[in-house]
Amino acid sequence: MRDEEKDQRVRPGLPRLALGALSGALAGFAALAVAELVAAPVRQQSSPVIAVGGASIDATPAPVKDWAIRHFGTNDKLVLQLGILGVLAVSAVALGVLTVRFRRVGAAGVLLSGVIGAAAAVSRPNSTGIADALPSIGGAAAGALLLYVLVGRLTAVRRSPASVPEPVPGEAPDGLTASAGWDRRGFVLAAASAAAASAAVGAVGRSLNASHGQDAIASRNALVLPAPGSPARPVPKRAALRVPGISPFVTPNKDFYRVDTALVVPEVDSRTWRLRVHGKGVRRPATYSFDDLLRRELIERDITLTCVSNEVGGPYAGNARWTGVRLAGLLAECGVESPSRGGRADQLVARSVDGMTIGSPVEDVMDGRDAMLALGMNGEPLPFEHGFPVRMVVPGLYGFVSACKWLEDIELTTFDSYDPHWVKRGWARRAPIKTESRIDAPKPFARPKAGTVMVAGVAWAQHRGIDKVEVRIDDGPWQEAHLAAEDTRDTWRQWSLPWQATKGGHTLTVRATDRTGGVQTGRRTRTIPDGASGWHSVVVTVD
Ligand SMILES: Nc1nc2c(c(=O)[nH]1)N[C@H]1C(S)=C(S)[C@@H](COP(=O)(O)O)O[C@H]1N2
Ligand SMILES: [Mo]
């Protein structure tokens, strides 16, 4: 019965090109499904959408990427993947239509997209070799074959469309009769079974890929971080102001901003994880396991992380309590010396399992600040999104020059001889965090009632410390705000100012001064190459 129903829907009158388009779409779907399945034994990152997505992220010019982060935030990756799927769908449909006319062109087109996927997968920085090409090649082969078969059932119609008999309702046309005109029954059968098979294959591939992370998840669940030998001082009670709308002093992990290039969050098993330390001037290169790190003294520190892509007033800053191993001590153990003591390497390049490279000044890492290999964040093992099992954290430096997540390799080198990932894309080699302040309350375009309105927010100048915050109403004088107690100079500081608000529109502006006397500049710059500067303003209307 089902076959008959479908036969009736696919009438000879339906334009062949539309069926060609449908064939193309089905072939594209089949290709992705097979690629997903083949990626399972290879690695998920080798699947074409992920590989092409990763390659496009890397090839995206810095201003465009910056724009994407600003407009889509953490959804930037979702938008990118949807974009790639959209392009794929359009090309698949176009190839399907083309194939009706030119059989070989379509198949060649599908194979060509396979080659593009394969090339992207093999050339990813973390590619494990030629095996990464298999999902794309396998998927393209399946897609090309299906397209060939489906369009094969359609092409007869071109010769003699009139010779196709209407199926008699209730009576299945037999295959031989149908093949004399165009093979409707064969087309519908092939299309339907291909769609069903692709869905099944894709689902199996998906679940196999998802199960890969199980070991990593188990290793994280089993992990209990030992009590730190050097605990953080308790956060002073008066470091947190009770003002509605202000950023909490400690950012909960679930709210902590996330910025990275990973389309698939790496899931690394801490039990098999290793960190290699090597390179210029490393007298005793070494490899550490996670247990090796756990046996060292753990330090616990409150450190505010900031992204260089954070616009003035933007959300990409967060404060957490990190637990980890002193990086300077570990480097010293490997025989590394800081440049000021005659060390030959001035750049430390951290490399992640997903091929990210992040370069930090060796001098900063070894100057006594709490640079660490972090294992814990706010009392739990690092969340996967934030770098499990091990990431770097260096107070005072933007994340792109200090905070490598999913760390697996540290190489000592020089700034002259190596440019890491972001530097190759136009960002600065060295990037200390700029003194910044942000108004959290009132929100932009709020309509508070006349009377006392609490203006409040956070200010940061990591590793220098915040000395003063001032607020200006419209073009009035700078008024000193109340500063919450300082936790450490590596953390942000909350501030507040009661404002006697009068009716009408007002612009509130904030600026901070750091402990070195540096006043936050009002000169607006873009985020590229070394972080945005300028004052944050909020416009409100008082009712
Ligand atoms: N492996 C890897 N580490 C990375 C990045 C990345 O893209 N890949 N991004 C860096 C940037 S730009 C920042 S700001 C911080 C952000 O850390 P978070 O996502 O935990 O907030 O991670 C850094 N570490
Ligand atoms: Mo960043």
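Quick notes on the rules
Residues numbered from 1 in each chain as written. Chains lettered and ligands numbered in written order. Predicted model: local features only at pLDDT ≥ 70, side-chain atom pairs only at ≥ 80, totals over all residues. Heavy atoms only, no water. Buried < 20%, exposed > 50% of the residue type's maximum accessible area, 1.4 Å probe, protein only. Helix = DSSP H or I, 4+ residues; strand = E, 2+ residues; numbered from the N terminus. Pairing = 2+ DSSP bridges. 1 Å grid on protein atoms, 1.4 Å probe; cavity = no way out; pocket = protein on both sides within 12 Å on 5 of 7 lines; lining within 4 Å. Points joined across faces, edges and corners; volume = space filled by probe spheres on them. Nonpolar A, V, L, I, M, F, W, Y, C, P; charged D, E, K, R; others polar. Domains from an automatic or database assignment. Axes fitted to C-alpha atoms, helices over the stretch in contact; angles between N-to-C directions. Parallel < 35°, antiparallel > 145°, perpendicular 65-115°, else oblique. Left-handed = near helix turned anticlockwise from the far one by under 90°. Contact = heavy atoms within 4.5 Å. Patch = residues over 30% accessible without salt bridge, like charges linked within 9 Å, V, L, I, M, F, W, Y side chains within 5 Å. Areas by Shrake-Rupley, 256 points an atom, 1.4 Å probe, with all protein chains shown as cover. Salt bridge = Lys/Arg side-chain N within 4 Å of Asp/Glu carboxyl O. Phe/Tyr/Trp six-rings, centres within 6.5 Å; stacked < 30°, edge-to-face > 60°. Near = heavy atom within 4 Å. Polar contact = N/O pair within 3.5 Å; in protein donor to acceptor, adjacent residues only side chain to side chain. Sits in = over half its atoms within 2 Å of the grid points. Buried area = accessible area lost by both parts, 1.4 Å probe.

Can you walk me through the pairing of strand β10 (residues 407–413) in this structure?
When a strand is regular, its side chains alternate between the sheet's two faces. When you tally the buried positions in β10, you get five out of seven residues, the bulk of the element. Note: strand β1 (residues 274–279) against β10, four bridges, orientation parallel. The residue of β10 that forms the bridge with V277 is I410. Relative to β10, strand β5 (residues 347–352) runs antiparallel, the two sharing six bridges. Looking at β10, one finds that R351 is bridged to D409.

Just to check I follow, could you spell out empty space enclosed by the protein for this structure?
Any space left empty among the atoms is revealed by the rolling of a water-sized probe across them. With the rule as written, the count across this model stands at four cavities of 30 Å³ or more. As a volume, the largest cavity reaches approximately 370 Å³. In this structure, the largest cavity is lined by 28 residues; those nearest its centre are V259, D260, G399, F400 and W422. Those elements giving two or more residues to the lining of the largest cavity turn out to be α4 (62–72) and β3 (298–306). Among the elements that line the lining of the largest cavity, the one with the most residues is α4, at three residues. Each residue belonging to the lining of the largest cavity can be placed in one class, and the counts come to 15 nonpolar, six polar and seven charged. Of the residues that make up the lining of the largest cavity, three or more belong to each of domain 1 (9–159 + 174–211) and domain 2 (237–425). Space inside the second largest cavity adds up to approximately 210 Å³. In terms of lining, the second largest cavity is formed by 18 residues, of which the most central are G54, R124, N126, T261 and D354. It is helix α3 (residues 48–59) that contributes the most residues to the lining of the second largest cavity, five residues altogether. Tallied by class, residues from the lining of the second largest cavity come to eight nonpolar, six polar and four charged. Composition of the lining of the second largest cavity by domain shows at least three residues from each of domain 1 (9–159 + 174–211) and domain 2 (237–425).

Explanation requested: the packing of helix α2 (residues 16–39) against helix α9 (residues 184–211) in the structure shown.
For the pair α2 and α9, interaxial distance at closest approach is 7 Å and the crossing angle is 25°. In this view, α2 runs roughly parallel relative to α9, as classed from their interaxial angle. In the packing of α2 onto α9, the handedness of the crossing is left-handed. Counted together, L19, L22, S23, L26, F29, A30, A33, V34, E36, L37 and A39 of α2 and F187, A191, A195, S198, A199, V201, G202, V204, G205, R206, L208 and N209 of α9 form the full contact between these two elements. Residues belonging to the contact of α2 with α9 are distributed by class as follows: 16 nonpolar, five polar and two charged.

Honestly, a nonpolar patch on the surface in this entry has me stumped. Any pointers?
Taken together, the side chains of L78, L82, L85 and L88 define a hydrophobic patch exposed on the protein surface, amounting to about 340 Å² of accessible area. By the secondary structure assignment, L82 is in helix α5 (residues 76–101). Assessed through its relative accessible area of 53%, L82 is described here as exposed.

Honestly, the packing of aromatic side chains in this entry has me stumped. Any pointers?
Aromatic ring pairs are defined here through the distance separating the ring centres and the angle between the ring planes. Considering all chains together, one arrives at eight aromatic pairs under this definition. Plain terms: the ring middles of W460 and W492 are 6.2 Å apart, the flat faces sit at 40° to each other, and that makes the pair tilted. Taken as a pair, W460 in strand β12 (residues 451–460) and W492 in the loop between β15 (482–483) and β16 (493–501) lie far apart in primary sequence, 32 residues in all. Exposure remark for W460: the relative accessible area of 3% places this residue in the buried category. Every member of this aromatic cluster is reached through a ring pair, and the members are F256, Y257, Y316 and W322.

Just to check I follow, could you spell out the site of ligand 1 for this structure?
Taken together, 20 residues lie near ligand 1, and Y257, H386, R391, A403 and K405 sit nearest. A403 has a polar backbone atom sitting 3.0 Å from a nitrogen atom of ligand 1. Isolated, ligand 1 exposes 530 Å² of accessible area, and the fraction of that covered by the protein chains is 99%. Put simply, ligand 1 lies in the largest cavity. Its residues assigned to classes, the shell around ligand 1 comprises eleven nonpolar, four polar and five charged.

Sorry, what's going on with the domain arrangement of the chain here?
Quite often, the size of an interface is put as the accessible area lost when its parts meet. Looking at the chain, the domain boundaries give domain 1 (9–159 + 174–211), domain 2 (237–425) and domain 3 (436–542). Placing the centre of domain 1 and that of domain 2 at their C-alpha centroids yields a distance of 39 Å. Residue-level contacts link 20 residues of domain 1 with 16 residues of domain 2. Between domain 1 and domain 2 lies a buried interface of about 1,600 Å² when both sides are counted; carbon and sulfur atoms form 58% of it. Counting the contacts that link domain 1 with domain 2 gives one salt bridge. Across the pair D260 and K77 runs a salt bridge, and its minimum N-O distance is 3.4 Å. Counting across the domain 1 and domain 2 interface gives two residue pairs in polar contact (both at pLDDT 80 or more). When residues of the side of domain 1 that touches domain 2 are traced back to their parent elements, those giving at least two are α3, α4 and α5.

What am I meant to see in the pattern of salt bridges here?
When their charged atoms lie close together, side chains carrying opposite charge are able to pair. A full pass over the atoms with the stated rule returns 31 salt bridges. One salt-bridge network, in which partners are shared between bridges, spans D76, K77, R258, D260 and K405.

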